[in-house]
Amino acid sequence: MLEGSRVLRGEQWAARLQQRLPNDGGLQQWMRTDVKLLKEDQKSQVGLLELDGESCYLKHYRGRTPLQSMIYRQGRGRPTRAFDGAAALWQAGVAVPRPLCCLSVPGGAVLLTEGIADARDLQHIALENGLGEVDKCMLAAVASLLGLLHGAGYAHGDCKWSNLLCAGAHWYLVDLDSVSPSRGGSPKQARDIARFTLNAEEMALSREHFEHFLDTYVEATEWSRQTLLSAVSPFLDKFRRRHRARYGVRGHRLI
């Protein structure tokens, strides 16, 4: 058991995880050697961990300042928001990886969720295999998932392509620390569609395929097409300006 760790959510799974964590506090190195590391940067480490015969997704949040570490220890901040967002969507029947536990650890926090085997995100699919693999059926499935999310009374908050995960024929929403309650037809939900559209534009998705996405989404929600486009446009313009300043002009406009 890692000295100084404290259960924030999910006591049963937290007890299992604590038995696997290093006793000496070398969590960063343990993530590199005992976990199948998928990503590492200054903010976090992400990997797959086999725990009691189940594949789990483990994220180690690093507190970048003493204040942030204290916030994590108090059970606030991104780790617990991600757990609570996932729990709310799971209860609402929205496809997300099942949240298992959240712990504060010295200098940060860890979040454990269900692992989705052989999963790829939409951005990876488009970049790795080309837009030819992003077909109408795939976009309809994504639109239906977002329609279900919004119909359940929530907004994702960061609805980019890399946060839409595909495993076989099933789609999941991930990176859930910005999930919030949101009534149907709200600005928060329009912002989700704007963020998705920005990626579609930057990937140069065809207008035909994008129109199919919009049609499917509108059918699944309270939005009319005209009202949706009017609500999405201000957010999309803001996203375009920000990305153009960072990355230059990419792709083409769809709205």
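What comes next is a walk through the structure. (Residues numbered from 1 in each chain as written. Predicted model: local features only at pLDDT ≥ 70, side-chain atom pairs only at ≥ 80, totals over all residues. Heavy atoms only, no water.)

## Remarks on the overall build of the protein
Note the following rule: Helix and strand labels come from DSSP, where a helix needs a run of H or I of at least four residues and a strand needs a run of E of at least two; each type is numbered from the N terminus. Only protein chains enter the area calculation, which uses a 1.4 Å probe; residues under 20% of their type maximum are buried, those over 50% are exposed, and those in between are partly exposed. The contact rule is simple, with two residues in contact once any of their heavy atoms fall within 4.5 Å. Each accessible area is a Shrake-Rupley result for a 1.4 Å probe, and residues are judged covered by the shown protein chains and nothing else. Under the counting rule used here, the positive set is Lys and Arg, the negative set is Asp and Glu, and His together with the chain ends is not counted. Charged groups are reduced to one reference atom each: NZ for lysine, CZ for arginine, CG for aspartic acid, CD for glutamic acid.
Helix and strand counts for the protein stand at 9 helices and 11 strands. Oriented by its inertia axes, the alpha-carbon framework of the protein measures out at about 55 × 35 × 35 Å. Residues classed as buried in the protein amount to 47% of the 255 residues present. A separation threshold of at least 6 residues defines the contact pool for the protein, and within that pool the share at least 24 residues apart is 62%. Carbon and sulfur atoms make up 49% of the accessible area of the protein, which totals about 12300 Å². The average position of the 33 basic charges and that of the 28 acidic charges among the side chains of the protein differ by 8 Å.

## Considering helix H6 (residues 136-151)
Owing to its 3.6 residues per turn, the α-helix brings residues three or four apart onto one side. Our working definition: Here the expected span of a helix is defined as 1.5 Å times the quantity of residues minus one. N or O atoms closer than or at 3.5 Å make up a polar contact, with two conditions inside protein: a donor-capable atom paired with an acceptor-capable one, and, for residues adjacent in sequence, both atoms drawn from side chains.
Over its 16 residues, H6 runs 22 Å from end to end, which matches the ideal 22 Å to within 8%, given 1.5 Å per residue. Among the residues of H6, those classed as buried are Met 138, Leu 139, Ala 140, Val 142, Ala 143, Leu 145, Leu 146, Gly 147, Leu 149 and His 150. Of the residues flanking the start of H6, the one acting as N-cap is Asp 135, its side-chain oxygen 3.3 Å from the backbone nitrogen of Cys 137. Positive backbone phi, approximately 95 degrees, marks Gly 153, located one or two places after H6.

## Considerations on the environment of Tyr 61
Looking at where Tyr 61 falls in the secondary structure, it is placed in strand S4 (residues 54-62). Among all residues touching Tyr 61, those that are not within four sequence positions of it are Lys 43, Ser 44, Tyr 72, Arg 78, Pro 79, Ala 82, Gly 107, Gly 108, Ala 109 and Leu 111.

## Comments concerning the nonpolar core
Put simply, the rule is: Nonpolar cores are built from buried Ala, Val, Leu, Ile, Met, Phe, Trp, Tyr and Cys residues. Side-chain atoms within 4.5 Å join them into one set.
Residues Leu 146, Leu 164, Trp 171, Leu 173 and Phe 213 are the most contacted members of the largest nonpolar core, which totals 43 residues. Elements that contribute at least two residues to this core include exactly helix H4 (78-91), helix H5 (122-129), H6, strand S9 (164-167), strand S10 (170-173), helix H7 (187-202), helix H8 (207-219) and helix H9 (225-247). Counting 19 residues, the second largest nonpolar core, distinct from the first, contains Leu 21, Leu 49, Leu 51 and Leu 100.

## Focus: the packing of aromatic side chains
Stated precisely, the cut-off is as follows: The rule is short: rings of Phe, Tyr and Trp, with Trp giving its six-membered ring, pair when the centres are within 6.5 Å, and they are stacked under 30 degrees, edge-to-face over 60, tilted in between.
Counting across every chain of the model gives 4 aromatic pairs. Ring plane angle 35 degrees and centroid distance 5.6 Å describe the contact between Trp 161 and Phe 196, whose orientation is recorded as tilted. Taken together, the residues span a long stretch of sequence, with Trp 161 in the loop between strand S8 (154-155) and S9 and Phe 196 in helix H7 at a distance of 35 residues. Judged by centre distance (4.1 Å) and plane angle (15 degrees), the ring pair of Phe 196 and Phe 213 falls under stacked. In this pair, Phe 196 sits in helix H7 while Phe 213 sits in helix H8, placing the two residues 17 residues apart along the sequence.

## Things to note about the environment of Arg 64
Structurally, Arg 64 can be placed in the loop between S4 and helix H3 (66-73). As for Arg 64 and Lys 43, which are separated by 21 residues in sequence, their C-alpha atoms are 7.0 Å apart. Dropping the residues within four chain positions of it, Arg 64 is found in contact with Gln 42 and Lys 43.

## Examining the sheet that holds S4
This is how the line gets drawn: Two strands are said to pair when DSSP picks up at least two bridges between them. Axes, fitted as lines to C-alpha atoms, cover a helix only where it is in contact. Angles between the N-to-C directions of the axes lie from 0 to 180 degrees.
The strand order across the open sheet built from 6 strands is S1-S5-S6-S4-S3-S2, with neighbouring strands paired in antiparallel fashion. Single-partner strands in this sheet number two, and they are strand S1 (6-9) and strand S2 (36-40). Geometrically, the sheet is characterised by an average inter-axis angle of 25 degrees between neighbouring strands, direction not taken into account. Taken strand by strand, helix H2 (residues 27-34) contacts S2, strand S3 (44-51), S4, strand S5 (99-105) and strand S6 (108-114), and its axis lies near 55 degrees from that of S3.

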